[in-house]
Amino acid sequence: MTAAPESAAASFRSWQGRNAELLATAPGRINLIGEHVDYQGGLVLPAAINLGVFAAAGRLAEPVLRLQTSFAGVSEVEIPLDALHRLEAADSWANYPLGVVACYRQAGHETGGLAIAFDASLPAGAGLSSSAAFEAATAMIVEQACGISLPPRERALLCQQAEHTFAGVPCGIMDQFAVNAGQAGHALLIDCQSLEFVPTPLPAGLAMVVVDSGVKHALADGEYAKRRADCETAAQLLGVGCLRDATLAAVLAAREALGERIFRRARHVVTEIERTRAFAAALAGDELATAAGLMAASHASLRDDYEVSCEELDALVEIAGELGIAGARMMGGGFGGSTIQLVPAARAAERAAALEQAAAARGLRVSAFPVIAAAGAAPVAL
Ligand code: GLA
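Residues numbered from 1 in each chain as written. Predicted model: local features only at pLDDT ≥ 70, side-chain atom pairs only at ≥ 80, totals over all residues. Heavy atoms only, no water.

## What to know about the layout of surface pockets
Picture a little ball the size of a water molecule; that probe, rolled over the atoms, points out where space is still empty.
Next up, step 1: One number sums up the size of the largest pocket: a volume of about 1,200 Å³.
Next up, step 2: Forming the walls of the largest pocket are 49 residues, and the residues nearest its centre are Tyr96, Ser131, Glu163, Lys216 and Asp221.
Next up, step 3: Listed by contribution, the elements that provide at least two residues to the lining of the largest pocket are α2 (95–106), α3 (130–146), α4 (152–167), α5 (174–181), α6 (220–238) and β11 (336–344).
Next up, step 4: The greatest single-element share of the lining of the largest pocket, amounting to four residues, is contributed by α3.
Next up, step 5: Looking at the lining of the largest pocket residue by residue, the classes come out as 21 nonpolar, 19 polar and nine charged. (1 Å grid on protein atoms, 1.4 Å probe; cavity = no way out; pocket = protein on both sides within 12 Å on 5 of 7 lines; lining within 4 Å. Points joined across faces, edges and corners; volume = space filled by probe spheres on them. Helix = DSSP H or I, 4+ residues; strand = E, 2+ residues; numbered from the N terminus. Nonpolar A, V, L, I, M, F, W, Y, C, P; charged D, E, K, R; others polar.)

Here's what the structure looks like:
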């Protein structure tokens, strides 16, 4: 059976020997453009997608959190609510739900004992934010258990806090925001400084195809933190709070003072923010060739100035170009994960198959599939 909320409910039933009382779903996300700018107050344009994480839960009389996942193999953990802490190695998957429950408790939302079973249709480690989906699905269970319903923005901030403190990843707000605030048929133009967002309709004739490279290079997390630090140095040297407040002219003028590496990091961020603005305008005006060109420029900047791409992602973008797909770029943190391409809606399945085949001919075993912009995390009626 393809994973769905019902499969999480079925897992719960066979695990706990009774029916679940609470059910929730949370999507993954793609990002059309606006990469590595969220932690500098930039603009991003992600969309929640029709693949996600599902959670089924029941209350427990004892004050413990019992968790089970059936994706990536069946695994279980149990921790007293008053002693929630980070877990290592084999149990590290549990840090996402543990972190969310801990952050809600800290914010004064007491859940009581819970058993939660998770299932997913979203591939893990593919750059589609399975961690944010995991967090948001947990948050929806916690909110139902507490009888509250936080605005998506507040939920996103609690989920981000869980990722920082329990998963140990100093991520920006984009992923948690997109999976909580997503709207069907829309991307979200999020201003990561004000946390305001504008739902942006996707043209009907356009489809999104994801190509999962299947690789995740080990340096990904360490390099992410280094990029953040480089941006902070750049902002400090430029005398701004974050790079959103710097102009390209100021960055160009400060090249020598910044030094070559920091200069290039800053140039990526300020130009990517402008590309995101231009991309949203191009989408609204149905200027698809302009949008595609901006995606190509985004990839080049991430590869050359920000240095977060890798051989496999560059090859996939090149292959898309050879197939006549103009809108293609790496997506997410980089060093592996997925690329995103825009293709004519009527040809989505055929283009995905062609991308897979062309990659295989170059010795790359990838998985390509169309995705649809979907709604954000939500409770599911039982
Ligand atoms: C990861 C992070 C996001 C964002 C992207 C890069 O997905 O979780 O906050 O920084 O990388 O755009």
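Anyway, onward from the coordinates.
## As for the packing of aromatic side chains
Next up, step 1: Summed over the entire model, instances satisfying the criterion amount to six aromatic pairs.
Next up, step 2: Ring centres of tryptophan 93 and phenylalanine 134 lie 6.3 Å apart, and the angle between their planes is 10°; this geometry places the pair in the stacked category. Here phenylalanine 134 lies in helix α3 and tryptophan 93 lies in the loop between β5 (75–80) and α2, a separation of 41 residues in the sequence. Assigned by exposure class, tryptophan 93 and phenylalanine 134 land together as buried.
Next up, step 3: Arranged with centres 5.4 Å apart and planes meeting at 70°, the rings of phenylalanine 177 and phenylalanine 197 form a pair that is edge-to-face. Here phenylalanine 197 lies in strand β8 (residues 196–201) and phenylalanine 177 lies in helix α5, a separation of 20 residues in the sequence. (Phe/Tyr/Trp six-rings, centres within 6.5 Å; stacked < 30°, edge-to-face > 60°. Buried < 20%, exposed > 50% of the residue type's maximum accessible area, 1.4 Å probe, protein only.)

## Things to note about the packing of α6 against helix α9 (residues 260–284)
Next up, step 1: The contact between α6 and α9 brings their axes to 9 Å, and the two run at 95°. It follows that α6 is roughly perpendicular to α9 by the angle criterion. The residues of α9 that touch α6, namely those facing Arg227, Asp230, Cys231, Thr233 and Ala234, are Arg261, Ile262, Arg265, Ala266 and Val269.
Next up, step 2: Along the lines of polarity and charge, the residues of the contact of α6 with α9 split into five nonpolar, one polar and four charged. (Axes fitted to C-alpha atoms, helices over the stretch in contact; angles between N-to-C directions. Parallel < 35°, antiparallel > 145°, perpendicular 65-115°, else oblique. Contact = heavy atoms within 4.5 Å.)

## Side note on the nonpolar core
Next up, step 1: If you look at the biggest cluster of nonpolar residues, it comprises 70 residues, and the most contacted ones within it are Ile30, Leu32 and Phe279.
Next up, step 2: Per-element tally for this core: the top contributor is α3, with 10 residues.
Next up, step 3: Each of domain 1 (5–32 + 45–187 + 375–379) and domain 2 (206–371) accounts for three or more of the residues forming this core.
Next up, step 4: Not counting residues up to four positions away in its chain, the partners in contact with leucine 32 are Leu45, Pro46, Ala187, Leu202, Met208, Phe279, Leu283, Met295, Arg329 and Leu342.
Next up, step 5: Residues Ile190, Ile262, Leu302 and Cys310 belong to the second largest nonpolar core, which totals 38 residues. (Core = buried A, V, L, I, M, F, W, Y, C linked by side-chain atoms within 4.5 Å. Domains from an automatic or database assignment.)

## Concerning the sheet that holds strand β12 (residues 367–371)
Next up, step 1: Taken in spatial order, the four strands line up as β10-β11-β9-β12 in an open sheet, and their pairing is antiparallel. Edge positions in the open sheet fall to β10 (327–330) and β12, since each of these has one partner strand only. On average, adjacent strands in this sheet sit at an angle of 20° to one another, irrespective of strand direction.
Next up, step 2: With four bridges joining them, β10 and β11 adopt antiparallel strand pairing. Following the sheet pairing, methionine 330 is matched in β11 by threonine 339.
Next up, step 3: Taken strand by strand, helix α12 (residues 348–361) contacts β9 (206–216), β11 and β12, and its axis lies near 160° from that of β12. (Pairing = 2+ DSSP bridges.)

## A short note on the packing of α2 against α3
Next up, step 1: At their nearest, the axes of α2 and α3 sit 8 Å apart, and the two run at 45° to each other. By the angle between their axes, α2 is oblique relative to α3. In this structure, the crossing between α2 and α3 has a hand that is right-handed. Of α3, the residues touching α2 (which contributes Tyr96, Pro97, Val100, Val101 and Tyr104) are Ser131, Phe134, Glu135, Thr138, Ala139, Val142 and Glu143.
Next up, step 2: Across the contact of α2 with α3, the residue classes break down as eight nonpolar, two polar and two charged. (Left-handed = near helix turned anticlockwise from the far one by under 90°.)

## A few points about the sheet that holds β8
Next up, step 1: One open sheet holds the three strands; their spatial order is β2-β7-β8, and the pairing between them is antiparallel. Whereas interior strands pair on both sides, the edge strands pair on one side only; in this sheet they are β2 (43–44) and β8.
Next up, step 2: Relative to strand β7 (residues 186–191), β2 runs antiparallel, the two sharing two bridges. In the strand pairing of β7, valine 44 is matched with isoleucine 190.

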